[in-house]
Amino acid sequence: MAQIRFANNVSTQLTKPVAADDSTIEVRSLTQGLVWPNISATGDYFLIVIDDNSASTWEILKCTKVEISGNATTLTVERGLEGTTPSAFNAGSVVENRL
C-alpha cells in the first residue's frame, strides 16, 4: 500500500530553471547528514515545496522518485498539488520537504 513519507527540515536549491510543465527537477545534493524520505516501496511518495522568494511564487509537488548521481539529484514530480498552480522557477529557488 502506498504511503506518504516525511523527513523534517530537508532543504536544498534548484540547480537549473524549471518550466511549468517539467516532470523532473534537478536539485543540489543534500548536506549535513540530511536525507530524502525513503520511497523505495511501490507507490510511496513525499511532498515538496518549491519557493522562489524573489518572485513570491511557490508550489506543492508530489515526489515519486529520487535519483542521486554525484553532486546532482533528480526528483521525478507531479505538479500543482493542493490547489497550487504549476509554475516556472528560477535556479536557486528553495526546495523543501517540510513537516
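Above: the structure in question.
The sections below set out a description of the structure shown in this document.

A short note on the overall build of the protein chain
Working step 1: Helix and strand counts for the protein chain come out as 0 helices and 6 strands.
Working step 2: Along the chain direction, N to C, the helices and strands of the protein chain fall in the order β-β-β-β-β-β.
Working step 3: Counting only C-alpha atoms, the protein chain reaches 35 × 30 × 20 Å along its principal axes.
Working step 4: By residue count, 33% of the 99 residues in the protein chain fall in the buried class.

Points about the packing of aromatic side chains
Working step 1: The final tally for this structure, using the stated rule, is 1 aromatic pair.
Working step 2: Taking the centre distance of 5.5 Å and the plane angle of 15° together, the rings of Trp 36 and Phe 46 count as stacked. Of this pair, Trp 36 sits in the loop between β2 (24-28) and β3 (46-52) while Phe 46 sits in strand β3, and the two are 10 residues apart along the sequence.
Working step 3: Between Lys 62 and the ring centre of Tyr 45, over which it is positioned, the NZ or CZ distance is 4.4 Å.

A closer look at the pairing of strand β6 (residues 94-97)
Looking down a regular strand, the side chains alternate between one sheet face and the other.
Working step 1: Residues of β6 alternate between two faces, with Val 95 and Asn 97 buried on one and Val 94 and Glu 96 left unburied on the opposite face.
Working step 2: In this sheet, β6 lies alongside β3 in antiparallel orientation, the contact comprising 3 bridges. Across the sheet, residue Asp 51 finds its bridge partner in β6, namely Val 94.

Details of the pattern of salt bridges
Working step 1: Scanning the model with the defined rule gives 5 salt bridges in all.
Working step 2: When the shortest N-O distance is used, the salt bridge between Asp 44 and Arg 5 registers 3.1 Å. Taken together, the residues Asp 44 in the loop between β2 and β3 and Arg 5 in the segment before β1 (10-13) connect sequence positions 39 residues apart.
Working step 3: Between Glu 26 and Lys 16 there is a salt bridge, and its shortest N-O distance comes to 3.3 Å. Taken as a pair, Glu 26 in strand β2 and Lys 16 in the loop between β1 and β2 lie far apart in primary sequence, 10 residues in all.

Overview of the nonpolar core
Working step 1: In this structure, Leu 14, Ile 25, Trp 36, Ile 48 and Leu 75 are the most contacted members of the largest nonpolar core, which totals 18 residues.
Working step 2: Looking at this core, the elements that each hand over two or more residues are β2, β3, β4 (57-69) and β5 (72-78).

Observations regarding the environment of Gly 92
Working step 1: Within the secondary structure layout, Gly 92 lies in the loop between β5 and β6.
Working step 2: Sequence spacing of Gly 92 and Thr 15 is 77 residues, and the spatial spacing of their C-alpha atoms is 6.2 Å.
Working step 3: The residues touching Gly 92, leaving out its near neighbours within four places in the chain, are Gln 13 and Leu 14.

Analysis parameters
- Residues numbered from 1 in each chain as written.
- Predicted model: local features only at pLDDT ≥ 70, side-chain atom pairs only at ≥ 80, totals over all residues.
- Heavy atoms only, no water.
- Helix = DSSP H or I, 4+ residues; strand = E, 2+ residues; numbered from the N terminus.
- Buried < 20%, exposed > 50% of the residue type's maximum accessible area, 1.4 Å probe, protein only.
- Phe/Tyr/Trp six-rings, centres within 6.5 Å; stacked < 30°, edge-to-face > 60°.
- Lys NZ or Arg CZ within 6 Å of the ring centre and 35° of its normal.
- Pairing = 2+ DSSP bridges.
- Salt bridge = Lys/Arg side-chain N within 4 Å of Asp/Glu carboxyl O.
- Core = buried A, V, L, I, M, F, W, Y, C linked by side-chain atoms within 4.5 Å.
- Contact = heavy atoms within 4.5 Å.

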